[in-house]
Amino acid sequence: MATSPDAWRLLDGREKRARRSWPAIKLTLPVGDRIRVRVLAAMSFGVFVEIDGQPEALGLLEISALPRGSELPTVDVYLDAAVVEPAAHNRQVRLWPTELESAAG
């Protein structure tokens with residue numbers, strides 16, 4: 001899967017904001033919490049998402065969390081997800097999808 005160079009620039013800005021807000025992000029997104037997310041960028045290893053109500057947070061749905069053989073969700077697709085772990089080493093919230101839905105839905 002090819003990734004647009006613009007995707008990395010978009011994510012870099014979010015990573016910097018997540019680093020500044022990490023203590024608050026961890027407190028407001030406990031493990032097991034069910035949330036709504038929107039796909040920002042699809043990569044070969046998974047998808048980065050924006051978390052509703054958490055503009056500073058950067059979420060990641062790893063490819064291993066998606067159904068085997070499925071296509072990666074595309075940009076602007078909404079998903080319901082559950083918080084698996086706040087990953088402090090890269091300040092990303094690891095997520096598990098609970099349902100896929102198109103942006104139009």
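Residues numbered from 1 in each chain as written. Predicted model: local features only at pLDDT ≥ 70, side-chain atom pairs only at ≥ 80, totals over all residues. Heavy atoms only, no water.

## Side note on the confidence of the model for the chain
Line of reasoning, step 1. For the chain, the mean per-residue pLDDT works out to 81, and 82% of the residues sit at or above 70.
Line of reasoning, step 2. Contacts from residues 1–5, a stretch scored under 50 in pLDDT, to residues over four places away or in other chains number seven contacts.
Line of reasoning, step 3. Within the model, pLDDT remains below 50 along residues 101–105, and this stretch shows seven contacts once partners closer than five positions in the same chain are excluded. (pLDDT = per-residue confidence, 0-100. Contact = heavy atoms within 4.5 Å.)

## So, the pattern of salt bridges
Line of reasoning, step 1. Under the counting rule described, the total for this entry stands at six salt bridges.
Line of reasoning, step 2. Among the salt bridges present, the one from Arg36 reaches Asp80, with a minimum N-O distance of 3.1 Å. Placement of the pair is Arg36 in strand S1 (residues 34–43) and Asp80 in strand S4 (residues 78–87), with a sequence separation of 44 residues.
Line of reasoning, step 3. The salt bridge involving Glu85 is made with Arg94; its shortest N-O contact spans 2.6 Å.
Line of reasoning, step 4. Relative accessible area serves as the criterion here: at 33%, Glu85 is assigned to the partly exposed category.
Line of reasoning, step 5. On the basis of relative accessible area, Arg94 is assigned to the partly exposed category, the value being 26%.
Line of reasoning, step 6. Members of the salt-bridge network, linked through shared partners, are Arg38, Glu50 and Asp76. (Salt bridge = Lys/Arg side-chain N within 4 Å of Asp/Glu carboxyl O. Helix = DSSP H or I, 4+ residues; strand = E, 2+ residues; numbered from the N terminus. Buried < 20%, exposed > 50% of the residue type's maximum accessible area, 1.4 Å probe, protein only.)

## Some remarks on the side chain of Arg38
Line of reasoning, step 1. Of note, Arg38 is situated in strand S1.
Line of reasoning, step 2. At 2.4 Å, the side chain of Arg38 and the side chain of Asp76 are in polar contact.
Line of reasoning, step 3. Excluding residues within four positions of it along the chain, Arg38 makes contact with Phe48, Val49, Glu50, Asp76, Val77 and Tyr78. (Polar contact = N/O pair within 3.5 Å; in protein donor to acceptor, adjacent residues only side chain to side chain.)

## Structural notes on the environment of Val39
Line of reasoning, step 1. As for its position among the elements, Val39 is in strand S1.
Line of reasoning, step 2. On the accessibility criterion, Val39 (0% relative accessible area) is buried.
Line of reasoning, step 3. With 34 residues separating them in the primary sequence, Val39 and Pro73 have C-alpha atoms 7.2 Å apart.
Line of reasoning, step 4. In contact with Val39, other than residues within four places in its own chain, are Val47, Phe48, Val49, Pro73, Thr74, Val75, Asp76, Val77 and Leu79.

## Here's the deal with the packing of aromatic side chains
Line of reasoning, step 1. A complete count under the given rule lists one aromatic pair for this structure.
Line of reasoning, step 2. Their ring planes at 85° and their centres at 5.8 Å tell us that Phe45 and Phe48 sit as a pair that is edge-to-face.
Line of reasoning, step 3. Using a relative accessible area of 4% as the deciding quantity, one classes Phe48 as buried. (Phe/Tyr/Trp six-rings, centres within 6.5 Å; stacked < 30°, edge-to-face > 60°.)

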